[in-house]
Amino acid sequence: MPLLDHLRVIDAASFVAAPAAATVLADFGADVIKIEPPGRGDTYRDRSSPEHPAADVNYSWILDSRNKRSLSLDLKQPRGQAVLKRLVANADVFVTNLPLPGRPRLGIEYETLKALNPRLIYASVSAYGEQGPDANRPGFDSTALWARSSLMDMVRPSPDSPPARSLPGMGDHPTAMALFGGIMAALYRRERTGTGTYVSTSLMANGLWMNAIQVQAMLSGAEYERRRPREQARSALQNLYRARDGRWFQLACTPEDKRWPRLVEVLESPALAADPRFATTAARHRHADALVAELDAIFVTRPWAWWRERLDIAGVAYGPVGTLRDIPDDEQMRASDALTPIDHPGAGAQYVVNSPVWLRDEPKRAPGLAPELGEHSTDILSEAGYEDAEIESLRASGVIGCSQEQDPVP
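**Description of the packing of aromatic side chains**
Enumeration according to the criterion identifies 15 aromatic pairs in this entry. Judged by centre distance (6.3 Å) and plane angle (65°), the ring pair of Y44 and W61 falls under edge-to-face. Of the two residues, Y44 sits in the loop between β2 (31-36) and α2 (59-65) while W61 sits in helix α2, which places them 17 residues apart along the sequence. Side by side, Y44 and W61 carry an identical accessibility label, which is buried. The structure contains a cluster of three or more aromatic residues connected by ring pairs, namely Y241, F249, F299, W304, W306, W307 and Y318.

**Considerations on the packing of helix α11 (residues 256-267) against helix α14 (residues 288-299)**
Viewed as axis vectors pointing N to C, α11 and α14 meet at an angle of 40°, and their least axial separation amounts to 11 Å. Here W260, L263 and L267 of α11 lie close against α14, whose contacting residues are L291, L295, I298 and F299. Taken together, the residues that form the contact of α11 with α14 break down as seven nonpolar, no polar and no charged.

**A short note on the confidence of the model for the protein**
In this model, the protein carries an average pLDDT of 94, and 98% of its residues clear a pLDDT of 70 or more. Scored below 50 in pLDDT, residues 405-410 makes eleven contacts in the model with residues more than four places away or belonging to other chains.

**Thoughts on the sheet that holds strand β7 (residues 238-242)**
Read across the sheet, three strands follow the order β7-β8-β9 without closing on themselves; strand pairing throughout is antiparallel. Strand pairing shows two members of the sheet lacking a second neighbour, β7 and β9 (317-320), which therefore form its edges. When strand polarity is set aside, the average angle formed by the axes of neighbouring strands in this sheet is 25°. The pairing of strand β8 (residues 248-252) with β9 spans four bridges and is classified as antiparallel. Across the sheet, the residue bridging to L251 is Y318, located in β9. Set on the sheet, α14 makes contact with β7 and β8; between it and β7 the angle comes to about 35°.

**What about the pattern of salt bridges?**
Under the definition given, this model contains 22 salt bridges. Notably, a salt bridge pairs R66 with D27, separated by 2.9 Å at the nearest N-O pair. You can see R66 sitting in the loop between α2 and β3 (68-73) and its partner D27 sitting in helix α1 (residues 17-27), a full 39 residues away along the chain. Between R156 and D153 there is a salt bridge, with the nearest N and O atoms lying 2.6 Å from each other.

The rules we used
Residues numbered from 1 in each chain as written. Predicted model: local features only at pLDDT ≥ 70, side-chain atom pairs only at ≥ 80, totals over all residues. Heavy atoms only, no water. Phe/Tyr/Trp six-rings, centres within 6.5 Å; stacked < 30°, edge-to-face > 60°. Helix = DSSP H or I, 4+ residues; strand = E, 2+ residues; numbered from the N terminus. Buried < 20%, exposed > 50% of the residue type's maximum accessible area, 1.4 Å probe, protein only. Axes fitted to C-alpha atoms, helices over the stretch in contact; angles between N-to-C directions. Contact = heavy atoms within 4.5 Å. Nonpolar A, V, L, I, M, F, W, Y, C, P; charged D, E, K, R; others polar. pLDDT = per-residue confidence, 0-100. Pairing = 2+ DSSP bridges. Salt bridge = Lys/Arg side-chain N within 4 Å of Asp/Glu carboxyl O.

In structure tokens, the structure reads:
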């Protein structure tokens, strides 16, 4: 059986970071109940943003809501809150990223739920942390993680370039893994103490962690210069180059003293080996601009396949700059299960992006389709002990929604 098949998780969150943590729990077998308001459900179902390219399937919803069950429940109504509290009483984990000021109004603050179930793990995501002047400020990964942490400023390709925009969800998924790790640590603590606890993370904190080396340098008194253009890189052997066929690649020649002679052999350039400007690591750094120009002139003479074969033989590290169009045919991504098969015609794809952690001898659940809104409302309430007449009353009053009465969001 999957490792977490005994866990009941309530996903009362929206959009990406917090729900994606519940997705990882579902990958390892947890029963995840997705709480969504009747009507449109989680706003993540909506793909109207121009940042999301058009497709025949709701790919982002499939990605982050796979293997979950949907309960369409109106938490603004007292009867809806009563339903949730009955579910919480027998749950293991409660996940939310709803704004902190609104949680008491919906009856989902930690103290209320802990009183119902002392073994509950309450997992919370906020934008900027749960204390301080910005605790109640709304934020997304583009603002709280990417912009606030200085990553937006630092990855610009040159000092004159504007700040670099993030891609949709780019910081949400790493934040989800932080929350997943916190949940697992809390479950371990519960094994030792018998009680649950409050787990939290924030987008801002994860942005700082992603940029931790540079941030710590600033905290320690170092002053970073603006990033230089590629042609003026501080190290020519930690730089981007382009092959004759246009493929860019990142050279990572580390440690330099050991790898430099091997790289010179690959380049078939005895002149470089004899050039006193490049004889030592310190000299290569002093003359990095000149070495970049020399390498540019050499790498552009051969196609990428030629360079790749010889760099592999020499044991020189590199990374081709992949494009989205490269990924469907990337054999390594499939062989390593980073892309995992999804066997369902409604998925619109043969593979889905896997969560990035594996346990040997603990297989993950095969990915399935994400649920329609309210697809499992009746089943979940029946399991919680509600009689058919009670379920019908809740449905008639709009407290719950059922998928057969609603058109699923495309």
